[in-house]
Amino acid sequence: MTPRPRKPTDEPAVEKTEQAEKTPKPRRSAKTAKATTSTAKKAKTAQTTKTAKTAKTAKTAKTAKTSAGVQGAQGTKSAAKRAGTGKKAAAKVPGGRGGAVVGPQAGPSQAGPPPSSGAVPATRAPSRPVTESPVPEEDRARLLSGTHHDPHGVLGAHAVPGGTAFRALRPYAGAVTVVADDLRVELRDDGDGFFSAVVPLRSVPEDYRLRITYEETELEIQDTYSFLPSLGELDLHLIGEGRHEQLWDALGARPMIHQGATGTRFTVWAPNARGVRVVGGFNYWDGTGFPMRSLGGSGVWELFVPSVGEGELYKFAITRPDGSTTLRADPLARRTETPPANSSIVHESHHEWHDEEWLAHRADRPVHEAPFSVYEVHLGSWRPGLTYRQLAEQLPAYVSELGFTHVELMPVAEHPFGGSWGYQVTGFYAPTARLGTPDDFKFLVDALHRAGIGVLMDWVPAHFPRDDWALAEFDGRPLYEHEDPARSAHPDWGTLEFDYGRKEVRNFLVANATYWCEEFHIDGLRVDAVASMLYLDYSREHGEWTPNAHGGRENLDAVAFLQEMNATVYRRCPGVVTIAEESTAWDGVTRATHHEGPGTPESPARGGLGFGLKWNMGWMHDSLGYAAKEPVHRKHHHNEMTFSMVYAYSENYVLPISHDEVVHGKRSLVSKMPGDWWQQRATQRAYLGFMWAHPGKQLLFMGQEFAQGAEWSESHGPDWWLLDPAYGAEADHRGVRDLVRELNTVYRREGALWQRDTDPGGFAWVEGDAAEDNVFAFLRFPAEGGDGTPLLAVSHFSPVVRHGYRLGVPDEFGAWQEVLNTDEARFGGGDVTNPDPVKPEPVASHGRPASLRLTLPPLATVWLRPA
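Let me sum up the structure you'll find in this document. Predicted model, so just to flag it, every value in this text is computed and none were measured.

This paragraph deals with the overall build of the protein chain. Within the protein chain, the secondary structure is distributed over 21 helices and 36 strands. Looking at the protein chain residue by residue over its 867 residues, the buried ones come to 61%. Of the contacts formed within the protein chain by residues at least 6 apart in sequence, a portion of 73% connects residues at least 24 apart. Looking at the protein chain as shown, the accessible area adds up to about 31,800 Å², and 51% of this sits on carbon and sulfur atoms.

Below, the structure written as C-alpha cells:
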C-alpha cells in the first residue's frame, strides 16, 4: 500500500515544542500571499493518494503541483506556523554554486545570496529517453518515517544497469528536473515527494543540479545527496576513541566548502537514534527531505547541505528507539537563539584578535607565583542592559582602575533560566545570546586583555538541566547522563549528572574546556561543584548510592575525567589556570596528575587532580564567622582566624568572597559585620586588609568593593547609586572602594605578598595567640633573589585604640614604615595612623631580638615594611 502523501495542512512529523510555536512566520510578498490563498483552496480538492502509476496522468500532475505547500514559498500560513517557520526562514535565493531562482520567487530548500549569473532558462523536456527507477518500498517507508541510516545510498545519482538512476525526495514539489550541461531530464513523480528516472548515461555527471518546480516558483540547486561524507576517517576514529581534542571542529554545524560547493555540514552524535533529520528555517522546519546518514558504527550522523550558511536556525529531528520523534538543539552549537527560544544557529566567527602581546607573555610566570586578585562579575547584572560590546567599553576601565589582575565571569555558556545565574547549562559551546553573538563575546575578552586583565570563566561540567530539547535522553535513551537513574539524578538541583565513565561524554567535556581557552582566549576555568562530582554519596543517604569497585565512595570516573581535563588544558593552552571549587579535604586537588600522594594503592588520591588553584572554602567560612561576631565575643573564636594556617600549604589556594556569600539571606559583606554603620565599614576594611595579606590569592564579588548593603540580585545588580555624589553617604562607600584600589596597588608592588603563596617559608607568625586583644600579626617574605624586603601585617578587630603595642620583628632593619592603614581618613576611617617611621627597640619579643611599639587603630589592618 502506498503511503498517503502529506498535505500542506498536515501536522509536522515531530513533537510540538515551545520553540516551534514561537518561531516567527516567513516573510511573503503580496504575490506569494495571493498564491498561498489560491493553493490552500485548491488543496482541499487534492487527491489523498498519489502512486507512481497515477502520477503519469496530467490530472494527478496538476494535483501534485497545487499541493506544493510548506516547502515552497507558496505554502499555507497555517502549515508554516505549525512547522515552526520564522522570519529568518523566509524564502531565500541560493547563490554561488548553491542555486538560482528560475521562477518569480525562490523556494526554501537552501539559503544564500542572490546569484550574479541571473536566472537559468527553464525547460521540462527530457533530452534523452528515460525509464522508471522508483525508490524500493522498504527504503521509501524508512525515508518517510525518518528511520533510514543511509539515504545517500538511495537518493541522488547512482550507476545502474541501463544508465544512471536519479532519485530525489522533495515533498510538495510539482516537478523535479535534472540539469547538467546539455542534459535536461524531468524525473517521474512517484508520489509522496519522490521523483526518479534512469537516464542512459555512461557515467554519473560530476556536477548536476536539480531544478525543483513549486507553485509559481522554480529553484535550481545542487543535489544534497550527491556529496561524499564531509567528515574524515581520522575524525571518526578520534571520536570513537573519545580523544578528539577539537571536537567542535568535527561535530555541530560547520560552514565549509565541500567538493567545490559552499554550504554547511551538519553532524551530531546520536548512537541510539533510528534516524536523524536536520530541520530549520531553510526547509521550513520539515526535515522529510533532509535525512542524515549514519557514519558506520561511530554513532555520528552527517549531512552536507549546499547553500545553507551562517545565521540559519536549525535543530535535529531524532527518531528514538521507540519510533517517536523529538526535536533537539545541537549539543555542539556555537551560537543559539536568545532564551526562551532555543534553536541552534549556524555560526562562523569573523573576529580578528588583537591580544597577541597578552597571549605571548601569559605563561611567563606561574600563576601561583604571580599577583592574582580577582573581581568576580555576573555580566548580565553588572550594568543591566549592556551588551558584550558595551561592557567592553566600561568593564576593562573599571577593573583596571581598581587594580585587579583578573576578572572571573560567572557562567557565560547558554542557559535557559536566568535565575540559575548560568549554572544550569544547555549550550556548552555557545556564549549566552542574551548579551550578543559569540564574536561580541570575543570582543569583550579581547578588550580586557588589551587592558592587561586576565579573564577567568566559571565552567559547569558537574550537571545539566532536564529540558526536553537539550541533552536529557538526547537520542531516546540516557546518553550524556548515567544510565542508572540513581547515579544520574542530582539530589540537590533536580538536574542530571554526566556519565564520566563514557568516553564520548568525557570527550565532549574535555574538548569543551579547551574550546573556551582556544577559541575565546579564556585564561582560566573555575570548575564549579567539584565536590559533587568526586563523591558517589554526595547529598545521598545510606542506601541511595553504590560503592565503587574498591568499596569506597569516590567517583573514580569523575576523578579520571578531571585528571584528563586538567592535563589536556595545561598541555594545549600554556599560561591557562584551572581552579577547583572543592569544599572538602580531598587530597591532591592541586597536585599534578602524574605525582602520587600518600593514598593507598586503591585510593584515587594517589594521583593529583591536576588543578592549578583551589578555592579555600574553609578559610572563607571560618573568617566570615569570626568577623560576624561581636568584638567582645571574638576572643572565644580566635582560632577561626588562625586555623587556616594549619593547612594553608596543603594546596594552592584562592581566598574567595564570592557571589555565594552575598545571596539567599547570607547578607552582603558589610551587612555581615556587627555594630553601627561606622563599625560595619571599619570591620569590612580591616577584614579586606587581613584577606589581602593572608597567603593565597584573592577574589571579591562585585558590589562588595564599595560596601553595598543589599544582597546581590541578578535582576538589578550592584547599587551603583551609592557612589552618586548626590547621595549623602556616598563618601562612605567611595572610601571602601578607594581602599580596595589601594590594597591592589600595594599588593602588586610588594612581592612578599604573592611570590611565596605556596611556600611555607614565605610566612611567619608574629602574634597568633592574642585572643584577648583580638590581634593577629604575621610576616610575609619575598622570594629569594629579590630585594629581600618582608612585610608586616597587623590586624586588630577590637573597637579601641591600642597604644604602644609591642611586636617582635627581625633586627636587621633600622626602621619600619607604614604602607597601608585601613583606618586612614581617605578610606572613611578615624585616621589613627603611624605616620613616621618606627624604629625597632632592642627588646626581645615574640621570639625575636628586636620589637616595634605600634599604635593600633580600632577595627583596622596595618601593613608595614622596612623603611
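It is worth spelling out the nonpolar core at this point. Membership of the largest hydrophobic core comes to 172 residues, with the highest contact counts inside it found for Phe266, Leu379, Phe441, Trp516 and Trp863. For this core, the leading source of residues is helix α12 (residues 503-519), giving nine residues. Every residue in contact with leucine 379, bar those within four places of it in the chain, is listed here: Tyr388, Leu391, Leu395, Leu409, Val412, Leu435, Phe441 and Leu444. Of all hydrophobic cores here, the second largest spans 21 residues; its members include Val130, Val176, Val178 and Tyr208.

Inspection of every chain in the model, using the stated rule, returns 48 aromatic pairs. Between tryptophan 765 and phenylalanine 778, the ring centres sit 5.9 Å apart and the planes meet at 85°, which makes this aromatic pair edge-to-face. Of the two residues, tryptophan 765 sits in strand β30 (residues 763-770) while phenylalanine 778 sits in strand β31 (residues 775-780), which places them 13 residues apart along the sequence. Classification of tryptophan 765 by relative accessible area gives partly exposed; the value is 28%. The positively charged end of arginine 383 is found above the aromatic ring belonging to tryptophan 720, 4.0 Å away from the centroid.

The next thing to look at is the pairing of β31. In terms of burial, β31 is largely enclosed, as six of its six residues are buried. Residues Val775, Ala777 and Leu779 point to one face of β31 and Phe776, Phe778 and Arg780 to the other, with burial holding for every one of them. By the bridge criterion, five bridges tie β30 to β31 in an arrangement that is antiparallel. Residue pairing for β31: alanine 770 is matched across the bridge by valine 775. Turn length for the β30-β31 hairpin, with the two strands adjacent in sequence and antiparallel, is four residues, and the turn residue asparagine 774 shows positive phi of about 55°.

Strand order in the open sheet made by the five strands is β30-β31-β32-β36-β34, with antiparallel pairing throughout. Both edges of this open sheet fall to β30 and β34 (816-821), since each of them pairs with a single strand only. With direction set aside, neighbouring strand axes in the sheet form an average angle of 20°. With five bridges connecting them, β34 and strand β36 (residues 860-866) associate as antiparallel partners. Of the residues in β36, the one forming a bridge with asparagine 821 is valine 862. Taken strand by strand, helix α20 (residues 677-693) contacts β31, β32 (791-796) and β36, and its axis lies near 40° from that of β36.

What follows is about the side chain of arginine 848. Relative to the elements of secondary structure, arginine 848 occurs in the loop between β34 and β35 (850-856). No salt bridge is formed by the buried arginine 848, whose closest oppositely charged neighbour, glutamate 812, lies at an N-O distance of 8.1 Å. Once residues within four sequence positions are removed from consideration, arginine 848 is found in contact with Ala764, Trp765, Val766, Leu779, Gly808, Val809, Pro810 and Val843.

This next bit is on the side chain of aspartate 528. The residue aspartate 528 is located in the loop between β25 (524-527) and α13 (530-534) in this model. Side-chain polar atoms of aspartate 528 contact the side chain of arginine 526, separated by 2.9 Å. Beyond its immediate sequence surroundings of up to four residues, aspartate 528 is in contact with Tyr423, Trp459, Val460, Pro461, Ala462, Met533 and Glu581.

For the rest of this paragraph, the subject is the packing of helix α15 (residues 617-627) against α20. Running from N to C, α15 and α20 point in directions that differ by 150°, and their axes come no closer than 11 Å. Comparing their axes, α20 and α15 come out roughly antiparallel. By crossing handedness, the relation of α15 to α20 is classed as right-handed. Contact residues: Trp619, Met620, Ser623, Leu624 and Ala627 in α15; Thr683, Tyr687, Phe690 and Met691 in α20. When grouped by side-chain class, the residues that make up the contact of α15 with α20 number seven nonpolar, two polar and no charged.

This part is about unusual backbone geometry. Backbone torsion omega between proline 339 and proline 340 reads 10°, so that peptide bond is classified as cis. Note that proline 340 resides in the loop between β16 (325-328) and β17 (344-345). At histidine 664, a position not held by glycine, the phi torsion is positive, near 55°. Assignment of secondary structure puts histidine 664 in the loop between β28 (653-657) and α19 (669-672).

Here we take up the sheet that holds strand β14 (residues 300-306). Neighbouring strands of a sheet are bound in pairs by backbone hydrogen bonds; such pairs are parallel or else antiparallel. Spatially, β10-β11-β14-β13 is the arrangement adopted by the four strands of the open sheet, whose pairing is antiparallel. The sheet is open, and its two borders are formed by β10 (252-258) and β13 (293-294), each paired with just one other strand.

The subject of this paragraph is the environment of aspartate 189. In this fold, aspartate 189 is placed in strand β6 (residues 188-191). The sequence separation of aspartate 189 and glycine 174 amounts to 15 residues, and the corresponding C-alpha distance is 8.2 Å. Polar side-chain contacts of aspartate 189 include one of 2.8 Å to the backbone nitrogen of glycine 191.

The rules behind each value
Residues numbered from 1 in each chain as written. Predicted model: local features only at pLDDT ≥ 70, side-chain atom pairs only at ≥ 80, totals over all residues. Heavy atoms only, no water. Helix = DSSP H or I, 4+ residues; strand = E, 2+ residues; numbered from the N terminus. Buried < 20%, exposed > 50% of the residue type's maximum accessible area, 1.4 Å probe, protein only. Contact = heavy atoms within 4.5 Å. Areas by Shrake-Rupley, 256 points an atom, 1.4 Å probe, with all protein chains shown as cover. Core = buried A, V, L, I, M, F, W, Y, C linked by side-chain atoms within 4.5 Å. Phe/Tyr/Trp six-rings, centres within 6.5 Å; stacked < 30°, edge-to-face > 60°. Lys NZ or Arg CZ within 6 Å of the ring centre and 35° of its normal. Pairing = 2+ DSSP bridges. Axes fitted to C-alpha atoms, helices over the stretch in contact; angles between N-to-C directions. Lys, Arg positive; Asp, Glu negative; His and termini not counted. Salt bridge = Lys/Arg side-chain N within 4 Å of Asp/Glu carboxyl O. Polar contact = N/O pair within 3.5 Å; in protein donor to acceptor, adjacent residues only side chain to side chain. Parallel < 35°, antiparallel > 145°, perpendicular 65-115°, else oblique. Left-handed = near helix turned anticlockwise from the far one by under 90°. Nonpolar A, V, L, I, M, F, W, Y, C, P; charged D, E, K, R; others polar.

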